[in-house]
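For reference, the chains in residue letters:
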Amino acid sequence: MNIAENTVVVMHYAVHSGDTTLDSTYDKQPLTVLIGHQQLLPGLEQALIGQQQGATLQVEVPPEQGYGERHDTLVQIVPMEMFAGMQVQPGMQFRATTDDGEQSVIVLDVDEEGVTVDGNHPLAGHILTFDVEILAVRAANEDEMAHGHAHPADEHS
Ligand code: ZN
């Protein structure tokens, strides 16, 4: 069976940015994912369409097909009062409510001017390389289609 919209794919993958491996399933459970429901990065999903069980492929995903470009406007200085007495330190991550909705921000710097936060996704601007091995492809069942995600074997969620 070819991978297409509303198929469920079981796959191993490793994702790299440059020489750094960011994540890998090869030493753990494979990923089970429903295709066509925004579960994968667009660039990765496009490359999977038409592939079959047993295929191995390497996929390069540019920022515009991945986590997006970096936007300097998402780096902002906010007053320390916004953190209500918390011990804010560089590297901490927060959920923030902005005009664009819920957003994850990371603290870059803390000084007398305030707290510099970066709302870019940590992988924004990165070219990602995926090594993928397709272990299985099957049609999604009705529950999976209704829920918009895959149900791995022996698991209901
Ligand atoms: Zn479900």
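Calculation rules
- Residues numbered from 1 in each chain as written.
- Predicted model: local features only at pLDDT ≥ 70, side-chain atom pairs only at ≥ 80, totals over all residues.
- Heavy atoms only, no water.
- Buried < 20%, exposed > 50% of the residue type's maximum accessible area, 1.4 Å probe, protein only.
- Helix = DSSP H or I, 4+ residues; strand = E, 2+ residues; numbered from the N terminus.
- Pairing = 2+ DSSP bridges.
- Salt bridge = Lys/Arg side-chain N within 4 Å of Asp/Glu carboxyl O.
- 1 Å grid on protein atoms, 1.4 Å probe; cavity = no way out; pocket = protein on both sides within 12 Å on 5 of 7 lines; lining within 4 Å.
- Points joined across faces, edges and corners; volume = space filled by probe spheres on them.
- Nonpolar A, V, L, I, M, F, W, Y, C, P; charged D, E, K, R; others polar.
- Contact = heavy atoms within 4.5 Å.
- Polar contact = N/O pair within 3.5 Å; in protein donor to acceptor, adjacent residues only side chain to side chain.
- Phe/Tyr/Trp six-rings, centres within 6.5 Å; stacked < 30°, edge-to-face > 60°.

**Here's the deal with the pairing of strand β1 (residues 7-17)**
1) Next: For β1, a buried count of 10 out of 11 residues is recorded, marking the element as mostly surrounded by other parts of the structure.
2) Next: Strand direction decides the pairing type here: β1 and strand β9 (residues 128-139), joined by 10 bridges, are antiparallel. Residue pairing for β9: Ala14 is matched across the bridge by Asp131.
3) Next: Pairing geometry for β1 and strand β3 (residues 31-34), over four bridges, is antiparallel. In the strand pairing of β3, Met11 is matched with Leu31.
4) Next: Summarising the sheet, β1 and strand β2 (residues 20-24) pair through four bridges and their orientation is antiparallel.

**Thoughts on the pattern of salt bridges**
Oppositely charged side chains can pair when the atoms bearing their charge come close.
1) Next: Within the structure shown, the criterion is met by three salt bridges.
2) Next: The partner of Lys28 in a salt bridge is Asp23, and the shortest N-O contact between them spans 3.5 Å.
3) Next: One salt bridge in this structure joins Asp118 and Arg70, with 3.0 Å as the shortest N-O distance. A residue pair is termed long-range when its members are at least 10 positions apart, and Asp118 in strand β8 (residues 114-118) and Arg70 in the loop between β4 (56-61) and β5 (75-78) qualify at 48 residues.
4) Next: Among the residues examined, Asp118 registers a relative accessible area of 5% and is labelled buried.

**Regarding the layout of surface pockets**
1) Next: Roughly 200 Å³ of volume is contained in the second largest pocket.
2) Next: Lining the second largest pocket are 14 residues, with Tyr13, Val15, Leu41, Tyr67 and Phe130 sitting closest to its centre.
3) Next: Looking at the lining of the second largest pocket, the element that brings in the most residues is β1, giving three residues.
4) Next: A class-by-class count of the residues in the lining of the second largest pocket yields 12 nonpolar, one polar and one charged.

**Focus: the environment of Val78**
1) Next: Position of Val78 relative to the elements: it lies in strand β5.
2) Next: Taking relative accessible area as the criterion, Val78 reaches 14% and is therefore assigned buried.
3) Next: A sequence separation of 59 residues divides Val78 from Val137, and the C-alpha atoms of the two residues are 48 Å apart.
4) Next: If near-sequence neighbours (up to four positions away) are discounted, Val78 is found in contact with Phe83, Gly114, Val115 and Val117.

**Brief notes about the side chain of Ser17**
1) Next: Inspection of the secondary structure puts Ser17 in strand β1.
2) Next: What makes Ser17 buried here is its relative accessible area of 15%.
3) Next: Side chain to side chain, Ser17 and His126 meet in a polar contact 2.8 Å long.
4) Next: Excluding residues that lie within four positions of it along the chain, Ser17 makes contacts with Leu22, His126, Ile127 and Leu128.

**Considering the packing of aromatic side chains**
1) Next: A full pass over the atoms with the stated rule returns two aromatic pairs.
2) Next: Relative to Phe130, the ring of Tyr13 lies with its centre 6.1 Å away and its plane at 45 degrees, an arrangement referred to as tilted. Here Tyr13 is found in strand β1, whereas its partner Phe130 is found in strand β9, with 117 residues between them in sequence. Taken as a pair, Tyr13 and Phe130 share a single burial class, namely buried.

Honestly, it's all geometry; don't read function into it.
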